[in-house]
Every structure is written in structure tokens, then in C-alpha cells.
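Residue strings, one per chain:
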Amino acid sequence: MLRTQLLPFVAAMGFLPVHALADTFSCDAQTLTPIYDIQGDGLKSPMIPEGKYTSDEAYFVRGVVTASTQSLYQGFFLQDAEGDENPATSDGIFVYTGGKVAADVQPGMTVCLQAKVKEHYDLTQLVAEQGKVQIESSGGVPSPVAIELEDGEQLADAMERYEGMRVRLNEDSDLKVTRNFGFDYDSYRNNMVLSHEAPLVKPTQLHVAGSEAAKVLAAANDKNQLYIDTDAKAPDGVIPYFPGLDAEQGYIRVGDTVVNLEGVIGYSYGEYRLIPTNTVSAADFIHTSDRTVAPQVVPDAQLKVASFNVLNFFTSDSDIGGPLNARCKDQADADAAKGCNRGAKTEADFQLQRTKIVNALAAMDADIVGIMEMENNGFAEDSALANLVSTLNEAFNDPADHYRYITIEQADLYQGKFLGTDAITVALIYRPAKAEPAQAAQVIRMPKQQLTGTNPQGESKALEVFQRDSLMQSFTVKGIDDAKPLTVVVNHLKSKGSGCYEDWISGEYDTDPADLQGHCNAFRVSAAMVLSDALKHVDGDLLVLGDMNAYAKEDPIRVLTDYAPATASRKIVSASGTSVAGKVLHETGIEAGPGLGLVNLATEGHDTLAYSYSYDGELGSLDHALANASLAGKVAGVEEWHINSVESTLFEYSDRYSGDLAKSQGPYSASDHDPVIVSLKYPQPGNAGFHLTFKNKSLHPVYPVFNRWYWDSTQFWLMPGQKRHYREDNRFLNHVGIHAGDSVSLSLLAYGVFEVPCSYTPLKLNGRLKAVYNGVSCRMKH
């Protein structure tokens, strides 16, 4: 369409005055300012004076429209047709038109306008004025530019270079899904988040809370996010740029590499956002770590113990027919939208939830399972616990594979029915063919906090918060000669969501606490201290399981593992105003003593990143398996089976936010937490077992050496900071003829050139051993 043909049409849409066309706006004979000069090579446009947010003068700018937006961004994206071939400056810019977005301004049109430059909450944009926009021609849009990061460049800095431009993702972009498609309360729509090279990890999963390393990682994570958004809010269960979303074939997992997605780069709500302009297929989500049908099978393991948060398994809705839980007022409360029932509200949702959980449990095939978020509606045959166990047993034809559930003594029941007072509780199921309760189960009462505090604004608040009680059961392991009793403790500590006294008085009741540990950390520390006291004198093997609502390097886990007060740079302190079963625990918070000494199996048991949960685009472990030294020596394998944390919540049982999206009965998205599976191998009589750990504390790669044997084709070099574990069933050691109880000469190969001895005399392989290389010498520890 010629310019003379376009002008009346544009005028009718409100961009130009309808009166005499001789007076219409035109860029003819004007000095044009290129978009890349307006963007500049910094965070702010060079056209805007220091201390201001808008330029003093308006500029004449010409470009090609690459996208028209009417919701998240109100206007259109404009790009220089040629560009300056300078990667440090963007060739595109957003043009804000407010509520006057003209439907006729479409991608491919060449537009010229006169506008001032504005920094709108860090988005460089042109502010269009009515009557100052001219559509000159219509054609194709500029080809998208592939996003590519320079060495050492952070994603946010790279996005500044692409701000306003039409871009494309390819494999070299190396952008991974770090948060699956879900609701964003800032832009108030569903979206997805990508990060560069790898998904983001919770800082306190890797580094001690409050440490400089944790703060550095938190800052790096903040700058390593690109939101994949939509201009208009999509219907429930729909990803507009991925029409092939499907529970079985077209799924998205955290860690996937995204390719072939095209769009324009904007900035809003403190984040860079890519607004897609095309659609992609399932093949464009490259699964780096794909689904597995079942957890790994550990050869020769004799017992499997697992932990599983089942995401509010409730039966109290009247459509389902289970009894009411401890928080229900009546049946109407259980049926209400925001009543005491936190789980399924329809028979169809419940059937899908139960099927998914049963399929997950059947594939796990564990002999003892600790469960969290089971409805606390008793132990009778119609309870949620009984319902799950009876349905699970139907999945196994052999009665030897069937489960029973642990009940507790009448004296420990609340109101003669419940384990504690919450709507949800912990539970234990087991296979009698593999293990039998050695004695009655014990309830470990958890603290309550009740006191009044004043926040920094002088406001007073009475706080009363609770924690769910823990369940401890000792088992006799069958078929193992001289096996020690196995004590399993199932826990579900206070969540990070709602605030406690310490959050209120610090002014962090409604914000994220500065130490990155979430709300109620001190209250969870109190629970860990109570738990530690209760477990100090447990005989035999001990395994502490469950959703601790604390990441691996946070205070509650350290209280149960390796906390050393004498050398700690920051003291761990309990909560104030706590009591247990009516008896005062701590009127004011006290410093925690030395850690209980349990081993965190998921973080110590293998070199891969441990995680069981994803929150706000970061992975970490809330679900833990902590063992005493006696049990740790029997651990043959640990796996967090990633069927939930990396999957989309759209595929969970509830249809509340998923619309008409078809669901799957498979185990994926059965919950929001991954199950943790621990495989145990008991030493055979006359065979002294060993567990040898190599730890590389140097800055260069090394390789373990046994009796001058060092090349194991199944293992790579041990990189800086990594650990490697060897046990008596190690294939490489067995291949070269080294077995438990043998004497070996232990050393390591550094730089691929010279050997550094770890022991100057032959060492017998038995018990727990550790070799630590610090860059100068290698030292053995028993």
C-alpha cells in the first residue's frame, strides 16, 4: 500500500488528525537519529541528561515494526532496518503509545515518528505522541539475531545489548528452562524463565546461609534470568507459543535447552522478557535430563527406604467419602473452596491424584516409605492413609510386596484419632516381608511458638504458630543376619511461607528474609534441636527422612549434621517463646550446640547436584535423608527421582489452573516434591565393608590411584571441589583385584604428571575412610 493510500486509514485509527492531509506529520527533510544511537552501549540512553528520566528534545526516528503489543507492553517494537553491526548497541527499541495502540501498526511496516526518549523503570523507550507517527511502507521484518553471550558475560548484561530487538534462540544461546511454565504474580500471567548454561540453584543449597558465597550466588542468579512471557494473558492450560503442550509427548522440564524460539526483548517488573512472535514444537525443547520410568536399580541392594511428599492426599471431601481431619469444623468446611480440605475437591481429581501417586510408589518399589502431606484423618479403614495403602497393594500381585501402615499408641493420639493437630500429617508404610516394627511407634512432639512482638514500625502482633509432630519407628530388618535395628524418623518441619515471631520483629514478616532461609528459620532450628535431643541415644542404624523445609546448608540441617559452634562465623540460634507439649522450651532463643553428626546422604553420597524441589526458578533439596555413621556405611545408592520438581504444575491432578489440558496417569507431576530413595546393602559375614571418599580441595583436576592402578573408563577426572566414593562393590576395584580388607597403596595423579601419596604405608580397606588433597599433599582420615 502506498503512503498516500495509508494516510487516511491511519488518520481514522487516531494516530493522525483527520483534517487536511497537507498538514499531516512527515519525516521528509528531517534529520533522523538511528535507534542504535538512542540505545547507546550502556544501561541508559545517552540522549537522556544525568538525573533525568526523559530527554529534553524529541527525535525523528525511522524503523521497521517487529511486534505490536497491547497488554504487557502497550505499543510496538521498532528496529533499524540495517543496524550498525555493533554488538554492544541494540538496533531495536520499544515505542510506547499507551491506550492508543493502533491495530494497523503491524510487523513489517516501516514507521517514522517524532518522540522523546524515556527510561521507564529501566526500559529505554520512545514515547509516541498523537499526530507524530507516520507509516511509510509495508514489507518484511528484519531477520532475528541469535542471542549469544560473550565469555564471562552475565545474561542480564547481554539482554541489555538486545533490548528492543527481534531475537532467536539456538543451541549456541545455551538457554535452559530454570522455571517451568507457571504463574508470575508480577506480570500477573503465566510465563517461563530461562537461565544461561544451567538451571539456577538455591544459594543455601550449596553455601552456608549468610555466607559471602551465598550472597554472591544470589546476586548472580538475579542476573541470570530471561522471562519468556506473553503479551496477552493466556487461557488456563495454554502456552500460546507452544501449542503442542502435552503431558506425554510435549512436556517441558527444568534443564531443557530451548531453541528456535523468536521474539522481541522487553524489560518490565525488574526482569528482561522475551515476547514470542512465533510458535515452537516439542522438538525445540531439548531434554538434557529426560524422564525415567523408574528410579535406578542398585545392584545387590537388600532394602530400600524412601521419602515422599504426596501434595495433600485428602479424602475428606463428601464426593470422596473419607472422615474429617483434625482441622475440620464440619463436612461443609471440608467441601468449602477454602475450607479444611487442602487436596482434591472432586472425585475425578482425587482418582487422578491417587493413580499418579500409586504409579510413582509402585515404580519406586521401596520397602519402607516415609510420607508427608497425608490427610490427618485417623488410622481407620476409611482414612486417607488406609485408602492409599489398600490401592497401592492392588498394584502388586505378590502378597510379599504388599504394604501396611504404622499406627500410633492411643495415648499419643490427639482427640483419640489424630497424629497432631494439623490438617496434614506424616505417615509410615512398610512391607512386612522385608521389615517388622521392633516396638511401638513413638511420636516426637515438635515446638509451638506463642508470644507477642513489636515490629520496627512499632506495631504489636500476637503470634501463635505450630509444627507438625514427627514419627519414629524402629524396624527389625528381615533376612539379614545380625542386622542392627533400623530406626526411621519421618518429619515435616514448618514451611517457609508464613511468618514467625523472629520475622515480625526484624521487619521481614511480609518480605523474604535477608539470610535467604525463608520465614520461620529459627522456629525450624528449634524443631531440629528437639529432634536432635530425641535421637542422641538411638541404638543401631538411624535414618531421618522428610520434608525439612530447609535447604542443605541452612541452619536446621546443620543442627542435625555438621554444625560446629566453635568455628562458626555466624551462630545458629533457636526461636523465642517456644514450648513442647505445654512445657517451656526456650523463653528466648539460645545458641545451638554441636550438630548431631548425621550424614546428608544426597549431598555426600554422589557428585551430582542434589535437589528435590524447585521454587522461584531455583533448584534445591527440601527433602532429605540423614543417616548416622552406622547406616551411612551401608548406603549403596541414593537418588532423588526427578518426576516432580522439574515438571510443570499444569500436569498435576487439579484442573483449577489447567483448563481443558489433558492430564496423564503417569507418575510425573504426581506431587511438587521429588521422592528420595535410599538403597541399603548390608555387609555379608566375614566381608569387612569399606566406604572410601576422595575429596579434591585443590584448584586442579586429579585422579585417584590404587596400587598404581588409576584409569577407570567409567569415571572422569576429579575436578576441583568434587568428591568421589568407592565401596567394596566398585567395578573398577574388583576388575583390578582389590577387595574389602585388602591392603593398598593409595595416592593420586596430579596434573596428569606426578603421583602424590595419600598413605606412606599400605592401608587396609575397611570402615569409613577419607582422602583429602589440598593442592600440596594428600592426607588420609579415618
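Residues numbered from 1 in each chain as written. Predicted model: local features only at pLDDT ≥ 70, side-chain atom pairs only at ≥ 80, totals over all residues. Heavy atoms only, no water.

A. Main features of the overall build of the chain. Helix and strand content of the chain: 14 helices and 43 strands. For 782 residues, the compact-globule formula gives about 28 Å, and the C-alpha radius of gyration of the chain, at 30 Å, lands near that figure. Once the C-alpha set of the chain is aligned to its principal axes, its extents read approximately 100 × 75 × 60 Å. For the chain, the proportion of its 782 residues judged to be buried stands at 56%. In the chain, once contacts between residues fewer than 6 apart in sequence are set aside, the share between residues at least 24 apart is 72%. Side chains of the chain give 64 positive and 101 negative charges; the mean places of these two sets differ by 6 Å. (Helix = DSSP H or I, 4+ residues; strand = E, 2+ residues; numbered from the N terminus. Rg over C-alpha atoms; globule rule 2.2 N^0.38 Å. Buried < 20%, exposed > 50% of the residue type's maximum accessible area, 1.4 Å probe, protein only. Contact = heavy atoms within 4.5 Å. Lys, Arg positive; Asp, Glu negative; His and termini not counted. Charge placed at Lys NZ, Arg CZ, Asp CG, Glu CD.)

B. Region of the structure containing the pattern of salt bridges. Applying the stated criterion across every chain, the model contains 28 salt bridges. We note a salt bridge from K723 to E604, for which the minimum N-O separation is 2.4 Å. Of this pair, K723 sits in strand β37 (residues 723-727) while E604 sits in helix α12 (residues 601-604), and the two are 119 residues apart along the sequence. Counted as one network, the salt bridges with shared partners bring together R327, R342, D422 and R468. (Salt bridge = Lys/Arg side-chain N within 4 Å of Asp/Glu carboxyl O.)

C. Summary view of the side chain of R179. Here R179 shows up in strand β8 (residues 175-184). At 2.3 Å, the side chain of R179 and the side chain of N191 are in polar contact. Apart from residues no more than four positions distant in its own chain, R179 is found in contact with D184, N191, M192, V193, Y227 and G617. (Polar contact = N/O pair within 3.5 Å; in protein donor to acceptor, adjacent residues only side chain to side chain.)

D. The arrangement of the state of the cysteines in detail. Following the criterion strictly, the structure yields four disulfides and no others. A disulfide bridge connects C328 with C340, and the sulfur atoms are separated by 1.9 Å. Its S-S torsion of approximately 90° makes the covalent link between C328 and C340 right-handed. On the criterion of sequence distance, the pair formed by C328 in the loop between β16 (303-313) and α6 (331-335) and C340 in the loop between α6 and α7 (347-364) is long-range, its members being twelve residues apart. Each bonded cysteine of the chain gets a number by its place in the sequence, and the pairs then read 1-2, 3-4, 5-6, 7-8. (Disulfide = S-S within 2.5 Å.)

E. Here's a closer look at a nonpolar patch on the surface. A cluster of nonpolar side chains, contributed by F183, Y185 and Y188, occupies part of the molecular surface with about 370 Å² of accessible area. With respect to the helices, strands and loops of the structure, F183 is situated in strand β8. When its relative accessible area of 30% is taken as the criterion, F183 is described as partly exposed. (Patch = residues over 30% accessible without salt bridge, like charges linked within 9 Å, V, L, I, M, F, W, Y side chains within 5 Å. Areas by Shrake-Rupley, 256 points an atom, 1.4 Å probe, with all protein chains shown as cover.)

F. Structural detail: the sheet that holds strand β42 (residues 767-773). Read across the sheet, four strands follow the order β37-β35-β42-β43 without closing on themselves; strand pairing throughout is mixed. Each having just a single partner strand, β37 and β43 (778-781) make up the two edges of the open sheet. Sheet twist, expressed as the mean angle between neighbouring strand axes with direction ignored, is 15°. As paired strands, strand β35 (residues 690-696) and β42 are joined by seven bridges and run parallel to one another. Of the residues in β42, the one forming a bridge with N696 is Y773. (Pairing = 2+ DSSP bridges. Axes fitted to C-alpha atoms, helices over the stretch in contact; angles between N-to-C directions.)

G. Region of interest: helix α10 (residues 521-535). Compared with the 21 Å implied by 1.5 Å per residue over 15 residues, the 21 Å span of α10 between its first and last C-alpha is a close match. With 13 of its 15 residues buried, α10 lies for the most part within the structure. (Expected span 1.5 Å × (residues − 1).)

H. Structural detail: the nonpolar core. Among the nonpolar cores identified, the biggest contains 47 residues, and M159, M192 and L226 are the most heavily contacted of them. Every element with two or more residues in this core is listed here: α3 (155-162), β8, β9 (189-196), β11 (226-228), β13 (262-268) and β14 (271-276). The element that contributes the greatest number of residues to this core is α3, accounting for five residues. Grouped together as the second largest cluster of nonpolar side chains are 37 residues, V305, I408, F475 and L543 included. (Core = buried A, V, L, I, M, F, W, Y, C linked by side-chain atoms within 4.5 Å.)

I. View of the side chain of N696. With respect to the helices, strands and loops of the structure, N696 is situated in strand β35. Note on N696: relative accessible area 0%, which makes it buried. Within the structure, N696 has its side chain in polar contact with the backbone oxygen of M719 (distance 3.4 Å). With sequence-adjacent residues up to four places away left out, N696 is seen in contact with P701, V702, L718, M719, P720, G721, Q722 and Y773.

J. Quick peek at the environment of Y188. Its place among the elements puts Y188 in the loop between β8 and β9. Along the backbone, Y188 and T608 are 420 residues apart, and their C-alpha atoms lie at a distance of 35 Å. Other than its neighbours up to four places away in sequence, Y188 contacts F183 and K233.

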